[in-house]
Amino acid sequence: MTNDNKLFESIINSGKEQADSIIAEAEKKAAEIKSEAEKKAEAEAEEIKKSAQEKAINLKNSALSSASLTTRNAVLQAKRSEINKTLEGMVEYITALDDKSYFDFIYKTAENVDEKSGTVLLNKKDKERLPSDFTDKMKKAGIDANIGDEAVDIPGGFILRCGEIETNCSLDALIEDRKNELEDFINQSLFEKKSFSLLPILKPCLRAKILIRF
């Protein structure tokens, strides 16, 4: 081999070694870049996954909270509806009592009226079924009063007229006066399954309702 060929081969080998070194370095750098990119991608993917999980949890909690609120409101509305129906049916319940129980209720109501004399006004049905000892029992209850000739337009109970003052002890007035206690009684009876007596709640007239007649 001539000196020229040896020199040419030496140059070729040197260039080849340099090229191999460059390629190796490039491949190493590429591998590092690829590894770094994969780590970054994995980190970003994990972050996205975590964020998605948090969003899913938040959405689930929000849905559960909304469903719970909707359910609670539906239950409250259903209870309110039943309480109102029962409250509205109380007048019918009391007027449907047998005569003795009904008028015993009237006497108990009379015990809590401030006015102690005057004229007792009843509706047409009660005047027709009035016990013969009604005035005597009303007197024992604390009201010395005669029975008015006129029939008043009330569902039950009575109105005590004393001069220009009327004390309204009609059933609807009594129920209105004791509305909060009655609603509590109904709620406990219907939904808490507690047993109570209705009459002790209704019998206090709570000063009834006093109407001034002009």
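The structure under discussion appears in the preceding block.
Residues numbered from 1 in each chain as written. Predicted model: local features only at pLDDT ≥ 70, side-chain atom pairs only at ≥ 80, totals over all residues. Heavy atoms only, no water.

Some points on the overall build of the protein
For step 1, the next point in the chain: The helix and strand tally for the protein stands at eight helices and five strands.
For step 2, the next point in the chain: Considering only intrachain contacts with a sequence separation of at least 6, the fraction spanning at least 24 residues in the protein is 75%.
For step 3, the next point in the chain: About 14500 Å² of surface is accessible on the protein, with carbon and sulfur atoms providing 53% of the total. (Helix = DSSP H or I, 4+ residues; strand = E, 2+ residues; numbered from the N terminus. Contact = heavy atoms within 4.5 Å. Areas by Shrake-Rupley, 256 points an atom, 1.4 Å probe, with all protein chains shown as cover.)

Some points on the pattern of salt bridges
A pair can form between side chains of opposite charge whenever their charged atoms are brought close.
For step 1, the next point in the chain: This structure, assessed with the given rule, holds seven salt bridges.
For step 2, the next point in the chain: Residue lysine 137 pairs with aspartate 133 through a salt bridge whose shortest N-O separation is 3.6 Å.
For step 3, the next point in the chain: The class of lysine 137 is partly exposed, set by a relative accessible area of 33%.
For step 4, the next point in the chain: Residue aspartate 133 is classed as partly exposed on the basis of its relative accessible area, which comes to 28%.
For step 5, the next point in the chain: Each of the salt bridges in this network shares a partner with another, and the network as a whole consists of Asp99, Asp126 and Arg129. (Salt bridge = Lys/Arg side-chain N within 4 Å of Asp/Glu carboxyl O. Buried < 20%, exposed > 50% of the residue type's maximum accessible area, 1.4 Å probe, protein only.)

Here we look at helix α3 (residues 99-110)
A turn of α-helix holds 3.6 residues, and therefore any two residues three or four places apart point the same way.
For step 1, the next point in the chain: For α3, spanning 12 residues, the distance from its first C-alpha to its last is 16 Å, which sits close to the expected 16 Å at 1.5 Å a residue.
For step 2, the next point in the chain: For α3, the complete set of buried residues consists of Tyr102, Phe103, Phe105, Ile106, Tyr107, Thr109 and Ala110. (Expected span 1.5 Å × (residues − 1).)

Observations concerning the side chain of aspartate 126
For step 1, the next point in the chain: Examined against the element boundaries, aspartate 126 turns out to sit in helix α4 (residues 124-128).
For step 2, the next point in the chain: In terms of polar contacts, aspartate 126 uses its side chain to reach the side chain of tyrosine 102, at 2.4 Å. (Polar contact = N/O pair within 3.5 Å; in protein donor to acceptor, adjacent residues only side chain to side chain.)

Overview of the side chain of asparagine 123
For step 1, the next point in the chain: Its location among the elements puts asparagine 123 in the loop between β1 (117-122) and α4.
For step 2, the next point in the chain: Taking relative accessible area as the criterion, asparagine 123 reaches 7% and is therefore assigned buried.
For step 3, the next point in the chain: One polar contact links the side chain of asparagine 123 to the main-chain amide nitrogen of aspartate 126, over a distance of 2.8 Å.
For step 4, the next point in the chain: From its side chain, asparagine 123 meets the backbone oxygen of isoleucine 154 in a polar contact 3.0 Å long.
For step 5, the next point in the chain: Among all residues touching asparagine 123, those that are not within four sequence positions of it are Ala151, Val152, Ile154, Pro155 and Gly156.

Let's talk about the environment of aspartate 144
For step 1, the next point in the chain: As for its placement among the helices and strands, aspartate 144 is situated in strand β2 (residues 144-151).
For step 2, the next point in the chain: Excluding anything up to four places from it in sequence, aspartate 144 contacts Lys116, Ser117, Gly118 and Lys139.

What to know about the pairing of strand β3 (residues 157-162)
For step 1, the next point in the chain: Sheet analysis places β1 next to β3, joined by three bridges and oriented antiparallel. The partner of leucine 121 across the bridge, within β3, is isoleucine 159.
For step 2, the next point in the chain: Linking β3 to strand β4 (residues 165-170), which pair antiparallel, is a turn of two residues; within it glycine 163 sits at a positive phi near 65 degrees. (Pairing = 2+ DSSP bridges.)

Considering the nonpolar core
For step 1, the next point in the chain: With 28 residues, the main nonpolar core has Ile106, Val120, Phe134, Met138, Ile143 and Phe158 as its most contacted residues.
For step 2, the next point in the chain: At six residues, the largest contribution of residues to this core is made by α3.
For step 3, the next point in the chain: Every residue in contact with phenylalanine 134, bar those within four places of it in the chain, is listed here: Phe103, Ile106, Tyr107, Val120, Leu122 and Ile147. (Core = buried A, V, L, I, M, F, W, Y, C linked by side-chain atoms within 4.5 Å.)

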